[in-house]
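Architecture at a glance
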Amino acid sequence: MKKKEKTNVMRVLDSKKIKYNEYYYGDTEAVSGVDVAKALGQNPENVFKTLVTTGKSGEHYVFMVPVAVFCIPVAEELDLKKAAKAVGEKSIAMLKSKELLGLTGYIHGGCSPIGMKKLFKTTIHKTAPDFDTILFSGGKIGFQVEIPFED
């Protein structure tokens, strides 16, 4: 286990007095979301991946989906038609990795829905309320946080 380190996500949660559990998996070979869930001994269905998209309008949207759905081919990770419909866009596309840092302040593999440079409309997968807690990126590669879903 790595020495305790506070990420921006953890500082935001602290400032809002939201209790959380922090996890470090950087000492493992985990790369995919499913690998991360396994490394942490967590159910992949309540570990969520943060995806940033751009709508036809130019607006940006964040989607949180369970890593369990990432057992399918990369091109099918997020149903872009359903995502567009969910946010009222004609179409939506994944944000290019090279644009992620400038827009959100996070790099690919460490992107979190909490603590982005700007607030974006965030849509969480319909299964999230099925769990008492959800896990997602702690804002840095190797870190995850777990919070109660209602928070």
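Residues numbered from 1 in each chain as written. Predicted model: local features only at pLDDT ≥ 70, side-chain atom pairs only at ≥ 80, totals over all residues. Heavy atoms only, no water.

1. Comments concerning the sheet that holds strand β5 (residues 121-124)
- Ordered by their spatial adjacency, 4 strands build an open sheet running β4-β2-β3-β5, and the pairing between neighbours is mixed. Two strands close off the open sheet at either side, each with one partner strand: β4 (92-94) and β5. Ignoring strand direction, the axes of neighbouring strands in this sheet form an average angle of 35°.
- In terms of strand pairing, strand β2 (residues 48-55) meets strand β3 (residues 60-66) through 7 bridges, oriented antiparallel. Counterpart to V52 in the pairing with β3 is V62.
- Lying on the sheet, helix α3 (residues 80-87) is in contact with β3, β4 and β5; it crosses β4 at an angle near 120°. (Pairing = 2+ DSSP bridges. Helix = DSSP H or I, 4+ residues; strand = E, 2+ residues; numbered from the N terminus. Axes fitted to C-alpha atoms, helices over the stretch in contact; angles between N-to-C directions. Contact = heavy atoms within 4.5 Å.)

2. A short note on unusual backbone geometry
- The phi dihedral of K17 is positive, around 55°, even though this residue is not glycine.
- Assignment of secondary structure puts K17 in the loop between α1 (8-15) and β1 (21-24).

3. Overview of the confidence of the model for the protein
- Averaged over every residue, the pLDDT of the protein is 88; the share at 70 or more is 91%.
- When mean pLDDT is taken per element in the protein, α1 scores highest with 96 and helix α2 (residues 33-39) scores lowest with 85.
- This model gives residues 70-76 a pLDDT under 50, and the stretch forms 5 contacts once residues within four places in sequence are excluded. (pLDDT = per-residue confidence, 0-100.)

4. Focus: the nonpolar core
- Core analysis: the largest hydrophobic core is formed by 24 residues, its most contacted members being L13, V52 and F136.
- Where this core is concerned, the elements lending two or more residues are α1, β2, β3, α4 (97-104), β6 (133-137) and β7 (143-148).
- Every residue in contact with L13, bar those within four places of it in the chain, is listed here: I18, Y20, I114, V145 and I147.
- Within the second largest apolar cluster, 10 residues are counted, among which are Y25, A37, V67 and L135. (Core = buried A, V, L, I, M, F, W, Y, C linked by side-chain atoms within 4.5 Å. Buried < 20%, exposed > 50% of the residue type's maximum accessible area, 1.4 Å probe, protein only.)

5. Quick notes on the pairing of β7
- The element β7 is largely enclosed, with a buried count of 5 among its 6 residues.
- Where β1 meets β7, 4 bridges bridge the pair, whose relative direction is antiparallel. Directly across from Y23, in β7, lies its bridge partner Q144.
- Joining the antiparallel neighbours β6 and β7 is a turn of 5 residues, in which G139 adopts a positive phi near 95°.

6. Quick look at the pattern of salt bridges
- Taken as a whole and assessed by the stated rule, the structure comprises 2 salt bridges.
- Across the salt bridge formed by K140 and E5, the nearest N and O atoms sit 2.4 Å from each other. Of this pair, K140 sits in the loop between β6 and β7 while E5 is found in the segment before α1, placing the two residues 135 residues apart along the sequence.
- A relative accessible area of 22% means that E5 is categorised as partly exposed.
- One salt bridge connects K6 with D14, and the closest N-O pair in it is separated by 3.0 Å. (Salt bridge = Lys/Arg side-chain N within 4 Å of Asp/Glu carboxyl O.)

7. Considering the environment of N46
- By secondary structure assignment, the location of N46 is in the loop between α2 and β2.
- Taking the C-alpha atoms as reference points, N46 and F149, separated by 103 residues in sequence, lie 9.9 Å from one another.
- With sequence-adjacent residues up to four places away left out, N46 is seen in contact with F131, T133, I134 and L135.
- Only 3.0 Å separates the side chain of N46 from the backbone oxygen of T133, close enough to count as a polar contact. (Polar contact = N/O pair within 3.5 Å; in protein donor to acceptor, adjacent residues only side chain to side chain.)

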